Amino acid sequence: MAKVQIKVMDNGSFRVTGDVELIDMEGNKFETKETFSLCRCGLSQNMPFCDATHKGKFESVVRAPKNE
């Protein structure tokens, strides 16, 4: 089984790829596709999904430590 991948996009969303179930606190399922983006800025009108409202209003560039 392939791993689910969550990619932290520069100045944007969390890009989720893979077979994943997204649920709310009550256990209700959100409709998702194989790849979708989750809001990271809090400005989306389509929470928890990204609607690109962040463009020009949100800055965050995160990098994991490099393995040496």
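Our subject is the structure listed above.
Novice: Mind laying out the overall build of the chain, listing which residues take part and the relevant values?
Specialist: When you go through the chain residue by residue, the secondary structure sums to zero helices and three strands. From first element to last, N terminus to C terminus, the chain shows the α and β order β-β-β. By principal-axis analysis of the C-alpha atoms, the chain measures approximately 35 × 35 × 20 Å. Going through the 68 residues of the chain one by one, you find that 22% of them count as buried.

Novice: Give me the sheet that holds strand β2 (residues 14–17): which residues, what numbers.
Specialist: Read across the sheet, three strands follow the order β1-β2-β3 without closing on themselves; strand pairing throughout is antiparallel. Where the open sheet ends on each side, the last strands, each with one partner, are β1 (5–8) and β3 (35–38). With direction set aside, neighbouring strand axes in the sheet form an average angle of 20°. The sheet contact formed by β1 and β2 spans four bridges and is antiparallel. When the bridges of β2 are listed, Val8 appears paired with Phe14.

Novice: A description of the side chain of Ser37 should follow, citing residues and the corresponding values.
Specialist: Relative to the elements of secondary structure, Ser37 occurs in strand β3. Excluding residues within four positions of it along the chain, Ser37 makes contact with Ser13, Phe14, Arg15, Pro48, Phe49 and Cys50.

Novice: How would you explain the packing of aromatic side chains if you had to name every residue and give the values?
Specialist: This structure, assessed with the given rule, holds two aromatic pairs. With a centroid separation of 5.8 Å and 90° between ring planes, the pair formed by Phe30 and Phe49 is classed as edge-to-face. A residue pair is termed long-range when its members are at least 10 positions apart, and Phe30 in the loop between β2 and β3 and Phe49 in the segment after β3 qualify at 19 residues. Of the residues examined, Phe30 reaches a relative accessible area of 31% and is grouped as partly exposed.

Novice: A description of the environment of Asp51 should follow, citing residues and the corresponding values.
Specialist: Within the secondary structure, Asp51 is located in the segment after β3. Of the residues examined, Asp51 reaches a relative accessible area of 32% and is grouped as partly exposed. Along the primary structure Asp51 and Cys39 are separated by twelve residues, whereas in three dimensions their C-alpha atoms are 7.6 Å apart. Setting aside residues up to four positions removed in sequence, Asp51 forms contacts with Ser44, Gln45 and Asn46. A distance of 2.8 Å separates a polar atom in the side chain of Asp51 from the backbone nitrogen of Gln45. A distance of 2.4 Å separates a polar atom in the side chain of Asp51 from a polar atom in the side chain of Thr53.

How each quantity is defined
- Along each chain, residue indices are assigned from 1 in the same order as the chain's sequence is written.
- Where local features are concerned, this predicted model is filtered to residues with pLDDT of at least 70; where side-chain atom pairs are given and counted, the filter is 80 or more; whole-chain, interface and lining totals use all residues.
- Water and hydrogen atoms were dropped before computing side-chain values, which therefore reflect all heavy atoms in the structure.
- Helix and strand labels come from DSSP, where a helix needs a run of H or I of at least four residues and a strand needs a run of E of at least two; each type is numbered from the N terminus.
- Type-normalised accessible area, obtained with a 1.4 Å probe on protein chains alone, sets the label of each residue: buried when under 20%, exposed when over 50%, and partly exposed for intermediate values.
- Pairs of strands are assigned from DSSP output, requiring at least two bridges between the strands.
- For helices, the fitted line uses only the C-alpha atoms of the stretch in contact; every axis is such a line through C-alpha atoms, and the angle between N-to-C directions lies from 0 to 180 degrees.
- Only heavy atoms matter for contacts: two residues are in contact if any of them lie within 4.5 Å across the pair.
- Pairing of aromatic side chains requires ring centres within 6.5 Å, counting the rings of Phe and Tyr and the six-membered ring of Trp. Pairs whose planes differ by under 30 degrees are stacked, by over 60 edge-to-face, and all others tilted.
- Whenever two N or O atoms come within 3.5 Å, that pair is a polar contact, provided that in protein one can donate a hydrogen and the other can accept it, and provided that, for residues adjacent in sequence, both atoms are side-chain atoms.

By themselves, these observations are geometric and do not establish any function.
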